Structures are given as C-alpha cells and as structure tokens.
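Descriptive structure summary
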Amino acid sequence: MEAIALPDRQNHIHRKGEAPFAIRCNSDSLAGAVSQRACVFCGSRVVLYPIADALHLVHGPIGCAVYTWDIRGALSSGPELHRLSFSTDLQELDVIFGGEKKLYRALMELIERHAPKAAFVYSTCIVGIIGDDLDAVCRQVEEETGIPVIPVRSEGFKGNKRAGYQAACDAMARLIGTGDTAGISRFSVNILGDFNLAGEIWMIRDYYRQMGVEVVANITGDGRVEHLRRAHGAALNVVQCSGSTMQLADMMEKKYGTPSLRVSYFGIEDMSEALYDIARFFMKKYPDDPEAAAIMERTRELVRREVAALLPQLEEYRRALSGRKAAIYVGGSFKAFSLVKAFRLVEMDVVLVGSQTGTPEDYAELAAITDPGTIIVDDANPLELTSFLKEKGVDVFVGGVKERPIAYKLGIGFCDHNHERKEALAGFTGMLNFAREVYSSVMSPVWRFVPGRADSGHSVTT
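Okay, so let's go over this structure.

What counts and what doesn't
Residues numbered from 1 in each chain as written. Predicted model: local features only at pLDDT ≥ 70, side-chain atom pairs only at ≥ 80, totals over all residues. Heavy atoms only, no water. Buried < 20%, exposed > 50% of the residue type's maximum accessible area, 1.4 Å probe, protein only. Helix = DSSP H or I, 4+ residues; strand = E, 2+ residues; numbered from the N terminus. Pairing = 2+ DSSP bridges. Right-handed = clockwise from strand over helix to strand, strands pointing away. Contact = heavy atoms within 4.5 Å. 1 Å grid on protein atoms, 1.4 Å probe; cavity = no way out; pocket = protein on both sides within 12 Å on 5 of 7 lines; lining within 4 Å. Points joined across faces, edges and corners; volume = space filled by probe spheres on them. Nonpolar A, V, L, I, M, F, W, Y, C, P; charged D, E, K, R; others polar. Axes fitted to C-alpha atoms, helices over the stretch in contact; angles between N-to-C directions. Parallel < 35°, antiparallel > 145°, perpendicular 65-115°, else oblique. Phe/Tyr/Trp six-rings, centres within 6.5 Å; stacked < 30°, edge-to-face > 60°.

Once that is clear, we can look at the pairing of strand β10 (residues 325-330). Burial of β10 is extensive: five of the six residues sit out of reach of the surface. Sheet topology places β10 next to strand β11 (residues 349-355); six bridges connect them, and they run parallel. Looking across to β11, one finds that tyrosine 329 is bridged to glycine 354. In this fold, the crossover linking β10 to β11 by way of helix α13 (residues 333-345) has right-handed handedness.

Going residue by residue along strand β12 (residues 375-378), you find Ile375 and Val377 tucked away on one face and Ile376 and Asp378 tucked away on the opposite face as well. With three bridges connecting them, strand β1 (residues 13-15) and β12 associate as antiparallel partners. Looking at β12, one finds that isoleucine 13 is bridged to valine 377. Sheet topology note: the β11/β12 ladder contains four bridges and is parallel. Looking across to β12, one finds that leucine 352 is bridged to isoleucine 375.

Here we take up the environment of leucine 248. As for its position among the elements, leucine 248 is in helix α10 (residues 242-256). Judged by its relative accessible area of 0%, leucine 248 is buried. The sequence separation of leucine 248 and asparagine 237 amounts to 11 residues, and the corresponding C-alpha distance is 9.6 Å. Every residue in contact with leucine 248, bar those within four places of it in the chain, is listed here: Cys169, Met172, Ala173, Ile176, Leu192 and Ile219.

This part is about the layout of surface pockets. In this model, the largest pocket occupies a volume close to 560 Å³. Cys241, Ser242, Gly243, Ser244 and Gly332 are the residues nearest the centre of the largest pocket, which is lined by 34 residues in total. Mapped onto the lining of the largest pocket, the elements with two or more residues apiece are α7 (161-175), α10 and α13. Its residues assigned to classes, the lining of the largest pocket comprises eight nonpolar, 17 polar and nine charged.

Looking now at the packing of α13 against helix α14 (residues 360-369). One can describe the packing of α13 onto α14 by two numbers: an axis separation of 9 Å at closest approach and a directional angle of 10°. In terms of their interaxial angle, α13 and α14 are classed as roughly parallel. Between α13, through Ser333, Ala336, Phe337, Val340 and Arg344, and α14, the contact on the second element is made entirely by Asp362, Glu365, Leu366 and Ile369.

For the rest of this paragraph, the subject is the packing of aromatic side chains. By the definition in use, this model includes nine aromatic pairs. For the ring pair tyrosine 207 and phenylalanine 428, a centre distance of 5.5 Å and an interplane angle of 65° mean the geometry is edge-to-face. Note that tyrosine 207 is positioned in helix α8 (residues 200-211) and phenylalanine 428 in helix α17 (residues 427-442), a separation of 221 residues in sequence. With relative accessibility at 1%, the residue phenylalanine 428 sits in the buried group. Ring-pair connections join several aromatic residues into one group, and the members of that group are Phe187, Phe281, Phe282 and Tyr286.

Put into structure tokens, the structure is as follows:
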C-alpha cells in the first residue's frame, strides 16, 4: 500500500494484529504534519469557558478571542456572561510599549459593567513574548474590586491542548478552597469534565438526585464560581473527561484528601458502571450506614428501569446497522472507549479509532477492546484520516468540527461528538439519540447520489 504518513509519523500508527502493540503518543506534534490539535490557549478556554457567571477576558490580539468565541455549546441554567467574548485587542503599539495598562482598564470597565463573580484573564502567545505581568495586574484589580481575578497561563506556543488543560486546572485550583462547606452532605460529589454541550449535565445530576447523592459543583458545564469555591467539601470527585480535568482531581486529592473516580457517561455499559461505581464508593466508605445501602438499592432500580426502557428501542437500529463500519477520532481517548462499546451494542464494527491527546495506557486499552485489523492512531492529520477512511470503507465517522469536512468530502456519514452538537449523547437517553443519529446518517438516501457509493452495497431508505 502507498505510504500516506510521514516517516516520523509511522510510529504513531498501530494496526492491531500486525505487530506487538506499540505506539508513540503524548508528545509534541511533528512539524509540517498538519495536526488536528489545538493550542494551549484553546485548551484552557474550552475547559474554563462554561463557568457561566465569570468574566472571560482574552489578553491578546482579537483573532484569539474570535477563534474561541462561544467555542462550546455549554448551556447554562442561569447567567450567560460566558457567551460574550472579551478581548484587549492588542495592537502594534501595545506590543512595543506593553499592554498592562490596557488590560487594567479593560478589567475595571468590564467588572463594573457586568458584575461577574470572578474574572479569568487568558494569556496568549504575544503576551508571553512581550512579557506583560498578568499576575501583577490581576492582583491589583482583585484588591480594588474585591472579586477573584485569576491569570490563566495559556501562552499558545508553549505546548499543545493538553498543556492548556493544565493551565485551566491551575486557575480553578486558586478558587477551590475559598468557600464555605457548611451543609454539604456526606454523600456528595463534584462532576468534573462534563461541559453541558447539550444539557447532559442536567441529566447526570438528575441520576445522582434519584440515587440520593448531592452534587456540590459542576466543573465546568453550567458551572458557578461559588460552587467551585466550595468544591473541596465534596466527598468524591467524579471525572468524566479525564484528559481535561484529571489534573484538578489530583490536586484536590493531594491538598484536601478528596478521592476521585474516572467514569464515562456514554453508552449503556459505561453509564451504568459509573452509577454503580459511585454507589460502591459510598458503600465502602460507610459500610454500616443504612443510607449507603439505600443509595445502592436506588442505583440498581434506576439502572434496571432505564435499561429496560432503552433496549427495545435500540433493537430496530441494531438490525439496520449490524455489520456497518465506523471510525472514531476524538480529542480525548477516554471518550473513545465508550464509543467502541456503544457501536458494539448495535453490532457495528469499529475499524479506525484515534485521539489527539491519548496516553500509552489509553491506547493499550483501546487495543485490548478493538478487533484485529483496527487502525489505532495518535494525533492524526487530515491526509492520514482520509486514507484510512477510504481504505476501510467506513460508513460513519465520529469526530469533531475539524473532522466533519473530511467525511463530507468523501461522501461518508458523520456524527458530531464534540463542541458543536445540539443533542445530548450522554446518559441512557443519549445512547438512544446516538443510535438514532448514526442510523439517520448511514441510511440516508443521499448516498445514492455519491459517485462510487450507489452500487457499493450501502443500503438506503426512501
């Protein structure tokens, strides 16, 4: 087969069954490879952005603010200050003489106008180069206004999206521990790593309510500054997107002794296991407490009821989709685990799976749960993805906003599992939504008009 990856990219690609498992990952992108990854600044923005009652000010050129304006769906049940994109709009003279005075004036004006509960100030590449002292300006404004003003060290050139996650976690850590924890239940959790793109966090919170578990803070979907400040009072951190917020959970465990669990809310199997894991945690912590036993019993009933209602509805989609081929390329590899299991539930074959920020342990687990012949790829680029999709004859491609054009150009069905989707794909209801969306994409009659697809065995509906 013709080589489609640059020589230095070959060890980022593994074909299961052709050689012992080995893959290079968690490293800087290869220059010239046209990585799908985003920069440090973007990584920090996607994590902090959903904190809805905070001011988010980008200290840098206007393009950085435009690029990340309303970057996630991030629905809010209350304030929507986060959806406004503010920038200091640094110009040439600011680069020469410094932008600290401009930053100070912008913060004072915005805080007076919008009365936020806190302010996050994002550093960009140009600010890192000219050396503006963000910490000093933020400290001065905090003293004068009385609200937390937190610098986010997110200069884009100093790493990739994963480094941005760390910058966001460092910023949130400055808030956590500053609030009152009185009245928090022993049976309580923080939800980390769900960004409430289409209302998922409300569904998850309702599951916890039915179990009898209190949610102290959403970190960060539909998040509130005051909830973050008292998050250290929760009994457990439940981490969904481990790539973006696991660092914060580790910091909280070290400083406050708060344990954490990694979970996934995608697919029946992982959603059920997430709820059971939390119930088991409280059973283990309070073995003689009748309330812990009651939480476990309510969890069993919740899972039993939801699964019983869901499985018959999935059967129609399973019959239609059985044997079809799926490809997955997402930001965090932990999400890919659940997607592989979700496709297996409707008997679809995953022939390609990859992520932007996976670790060796993540890819080893993907290799363990996928079938022989599956291509596993780290930090892929459009050329590689295009080649793999054509080679494997994929029916549907699951990815994000950068992958959508690839699928459309190839005449392949696409399912958005990232920032821009409008329908919840998490929870038990989300599994049904996912199956319905995949079915609609794969079985669409539009494929009869795509050259090379009409007679390729792809069924269509009328």
